[in-house]
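Chain by chain, the residues:
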Amino acid sequence: MSSQGIFITLEGGEGSGKSTQIKTLAAFLQDKGHDVILTREPGGTPEAEKIRELLVNRDGGDWTPMAETLLFFAARAMHIETLIKPALAEGKIVICDRFTDSTRAYQSYGHGLDPDIIESYVQLAIAGFEPDLTFILDIDAAAGLERAGRRNTDADSTEDRFEQMQIDFHERLRQGFLEIAARNPERCVIIDAQQSIDEIAAQIGDAALERISNV
Ligand code: TMP
């Protein structure tokens, strides 16, 4: 691998199996001898994790799409400058659970914020910084919500503000992720998240290795 690392993101709607797959990918790349950092958005640094509490907890506040977008970018700016870029400079592979594509999907396709506003924040707040490789875990909205619902009941989680939203919201999200992938074919790989866990892991692992070997 070159001295500059690689930034990989996983994206998808609720119940797409992202959390399982991200851990599997990290372990797979570590087994191959890579130095891997696993992180998430919103969050990843102490400051950004504080913003996460405001955004995803049920009692964190009722944010307008514009206000929450600013919070996501505030968290992201810290995350990039203090964790992601330094790790990449050391040649590490950084794997992140969600990134700007989630803002595009949730805040714009989901909540109707003008997409140009989001792109202007990408330039203004994070200087156009984008992942090298993005996996979009695509799942039918109803199937994903059913899985997410089961998980939250099991874990008694309080991080469910976004999962409470209606099915049409989740259908718009799915459409959004697919359109983002279509606009960025060199960066995005769509994965059918209704396959078995092992099949999904194999596809993600193969595509990641191929990209790493081409750097
Ligand atoms: P998670 O459940 O995958 O940890 O993500 C937390 C929630 O935050 C999830 O419902 C998606 C939402 N989110 C956005 O709305 N915009 C964003 O930019 C990010 C990163 C997450």
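The structure displayed is predicted, hence computed values, not measured ones.

(A) Examining the packing of helix α1 (residues 18-31) against helix α8 (residues 197-213) more closely. Their axes nearest at 10 Å, the elements α1 and α8 cross at an angle of 50°. Regarding the angle of α1 to α8, the classification is oblique. Seen along the crossing, α1 lies across α8 with a hand that is right-handed. Across the interface between the two elements, Thr-20, Gln-21, Thr-24, Leu-25, Phe-28 and Leu-29 of α1 pack against Ile-197, Ile-200, Ala-201, Ile-204, Gly-205, Ala-208, Leu-209 and Ile-212 of α8.

(B) Region of interest: the packing of aromatic side chains. Across all of its chains, the model carries six aromatic pairs by this definition. When the ring of Phe-99 is compared with that of Phe-129, the centres are 6.2 Å apart and the planes differ by 70°; the resulting orientation is edge-to-face. Of the two residues, Phe-99 is situated in the loop between β3 (93-97) and α4 (100-110) and Phe-129 in the loop between α5 (115-126) and β4 (133-138); the sequence distance between them amounts to 30 residues. In this pair, the class of Phe-99 matches that of Phe-129, namely buried. By the ring-pair criterion, three or more aromatic residues cluster together here, those being Phe-7, Phe-99 and Phe-129. The aromatic ring of Phe-99 is capped on one face by Arg-76, whose charged end is 5.2 Å from the ring centroid.

(C) Focus on the side chain of Glu-41. By the secondary structure assignment, Glu-41 is in the loop between β2 (36-40) and α2 (46-56). In this structure the side chain of Glu-41 is engaged in a polar contact, spanning 2.6 Å, whose partner is the side chain of Arg-76. Excluding anything up to four places from it in sequence, Glu-41 contacts Arg-52, Arg-76, His-79, Cys-96, Asp-97, Arg-98 and Phe-99.

(D) How the structure looks around the pattern of salt bridges. Evaluation of the coordinates by the stated rule reveals 12 salt bridges. The salt bridge involving Glu-81 is made with Lys-85; its shortest N-O contact spans 3.3 Å. Within this pair, Glu-81 and its partner Lys-85 are both found in helix α3 (residues 65-89), separated by four residues, close to a single helical turn. Classification of Lys-85 by relative accessible area gives partly exposed; the value is 34%. In this structure, Asp-101 and Arg-104 form a salt bridge, with 2.9 Å as the shortest nitrogen-oxygen distance.

The rules behind the values
Residues numbered from 1 in each chain as written. Predicted model: local features only at pLDDT ≥ 70, side-chain atom pairs only at ≥ 80, totals over all residues. Heavy atoms only, no water. Axes fitted to C-alpha atoms, helices over the stretch in contact; angles between N-to-C directions. Helix = DSSP H or I, 4+ residues; strand = E, 2+ residues; numbered from the N terminus. Parallel < 35°, antiparallel > 145°, perpendicular 65-115°, else oblique. Left-handed = near helix turned anticlockwise from the far one by under 90°. Contact = heavy atoms within 4.5 Å. Phe/Tyr/Trp six-rings, centres within 6.5 Å; stacked < 30°, edge-to-face > 60°. Buried < 20%, exposed > 50% of the residue type's maximum accessible area, 1.4 Å probe, protein only. Lys NZ or Arg CZ within 6 Å of the ring centre and 35° of its normal. Polar contact = N/O pair within 3.5 Å; in protein donor to acceptor, adjacent residues only side chain to side chain. Salt bridge = Lys/Arg side-chain N within 4 Å of Asp/Glu carboxyl O.

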